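Chain residues, written in single-letter form:
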Amino acid sequence: MELPREYISYSQIRLYQSCPRKYYYTYIENLALPINEKVFLGVVFHSVIEKYFSEKIKGTILPIENLTELFRKEFDFKSEKQEIRWEIPKDDTRKRGVAFVNYFLRQVAPVIDPLMVEKELWADLPDMDVKLKGVLDLVETDFSITDFKTTTAKWSKARIRASYLQVIIYRYLFEKNFGDVIKRLKFKIIYSKNASSIKHQ
């Protein structure tokens, strides 16, 4: 089966389901389409927590102040390289992102024992001659897979069900590479519409 990037991934599936035209422009025409500030905030947030967990795996806990400063620098650098539709103003988005990082590191991260972070995995799909690719946000030492989300509101049960394919794909990829050991599949969702009243689910 011919695929535009010679593999299939959850992000490709999700984009095709939500907007086939956008899928065409992104994966067939290879156009760099603008993103909104919610997606952009998530990209920068993920880069910061990747740094945190990578160092924690090595035995080092980075100070929160270092990581919030890293967020600000990554935010400003990446925002110059990417076309972003600022539905919420840039400064407000930056403040919310810093608050997300601060909250995550104080309230969520301390109890997480990371084994792998941002792990890229590949596997064959049987009888299809297709490669499946995924990048797992986090595998913990208890062999649970966790995917992190940043958003403006708590997820509904319907939203969770609609997104469950993502962690099912990650489980398949992990077990094809390392064996049948995964115990739990989890989303950790950090949410708020502004820099105050951050919560997680």
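Everything here concerns the structure above.
None of these values were measured; they are calculated from a predicted model.

A. Highlighting a nonpolar patch on the surface. The grouping of Tyr 164, Leu 165 and Ile 168 at the surface amounts to a nonpolar patch, some 250 Å² of accessible area in total. Take Leu 165: it is sitting in helix H6 (residues 157-178).

B. Here's a closer look at the layout of surface pockets. Taken as a whole, the largest pocket holds about 1,800 Å³ of empty space. As for the largest pocket, its lining consists of 42 residues, and the residues nearest its centre are Ser 11, Arg 14, Ile 35, Val 39 and Val 43. Of the residues forming the lining of the largest pocket, the biggest block, six residues, is contributed by helix H1 (residues 10-18).

C. Local environment of the packing of aromatic side chains. On inspection of all chains with the given rule, the structure shows 16 aromatic pairs. Considering the side-chain rings of Tyr 24 and Tyr 25, the 5.6 Å spacing of their centres and the 65° angle between planes classify their relative orientation as edge-to-face. Exposure remark for Tyr 24: the relative accessible area of 39% places this residue in the partly exposed category. A residue is classified by how much of its surface remains accessible, and Tyr 25, at 30% relative accessible area, is partly exposed.

D. Focus on the pattern of salt bridges. For the structure shown, the criterion picks out 13 salt bridges. With a shortest N-O distance of 3.0 Å, Lys 131 and Asp 124 are connected by a salt bridge. Classification of Lys 131 as partly exposed rests on a relative accessible area of 39%. Given a relative accessible area of 47%, Asp 124 falls into the partly exposed group. Lys 149 is paired through a salt bridge with Asp 147; the nearest N and O atoms lie 2.9 Å apart. A relative accessible area of 15% means that Lys 149 is categorised as buried. Here Asp 147 falls in the buried class, since its relative accessible area comes to 2%. When salt bridges that share partners are traced, they join Glu 37, Lys 38 and Glu 87 into one network.

E. Region of the structure containing the side chain of Gln 12. Along the chain, the position of Gln 12 falls in helix H1. Excluding residues that lie within four positions of it along the chain, Gln 12 makes contacts with Tyr 7, Tyr 23 and Tyr 27.

F. Quick look at the nonpolar core. Ranked by internal contacts, the top residues of the largest apolar core, which has 29 residues, are Phe 45, Phe 53, Phe 104, Leu 105 and Ile 190. Residue assignment for this core shows that the elements contributing at least two residues are helix H3 (37-57), helix H4 (64-81) and helix H5 (90-108). Apart from residues no more than four positions distant in its own chain, Ile 190 is found in contact with Phe 45, Phe 100, Tyr 103, Phe 104, Val 108, Lys 149, Thr 150, Thr 151, Ile 198, Lys 199 and His 200. With 22 residues, the next largest nonpolar core counts Tyr 10, Ile 145, Tyr 170 and Phe 174 among its residues.

G. Region of interest: unusual backbone geometry. Positioned with a positive phi, Asn 30 is a non-glycine residue whose angle comes to about 55°. Examined against the element boundaries, Asn 30 turns out to sit in the loop between helix H2 (20-28) and strand S2 (35-36). Judged by its relative accessible area of 52%, Asn 30 is exposed. Backbone geometry places Asp 127, a non-glycine residue, at a positive phi of 65°.

What counts and what doesn't
Residues numbered from 1 in each chain as written. Predicted model: local features only at pLDDT ≥ 70, side-chain atom pairs only at ≥ 80, totals over all residues. Heavy atoms only, no water. Patch = residues over 30% accessible without salt bridge, like charges linked within 9 Å, V, L, I, M, F, W, Y side chains within 5 Å. Areas by Shrake-Rupley, 256 points an atom, 1.4 Å probe, with all protein chains shown as cover. Salt bridge = Lys/Arg side-chain N within 4 Å of Asp/Glu carboxyl O. Helix = DSSP H or I, 4+ residues; strand = E, 2+ residues; numbered from the N terminus. 1 Å grid on protein atoms, 1.4 Å probe; cavity = no way out; pocket = protein on both sides within 12 Å on 5 of 7 lines; lining within 4 Å. Points joined across faces, edges and corners; volume = space filled by probe spheres on them. Phe/Tyr/Trp six-rings, centres within 6.5 Å; stacked < 30°, edge-to-face > 60°. Buried < 20%, exposed > 50% of the residue type's maximum accessible area, 1.4 Å probe, protein only. Contact = heavy atoms within 4.5 Å. Core = buried A, V, L, I, M, F, W, Y, C linked by side-chain atoms within 4.5 Å.

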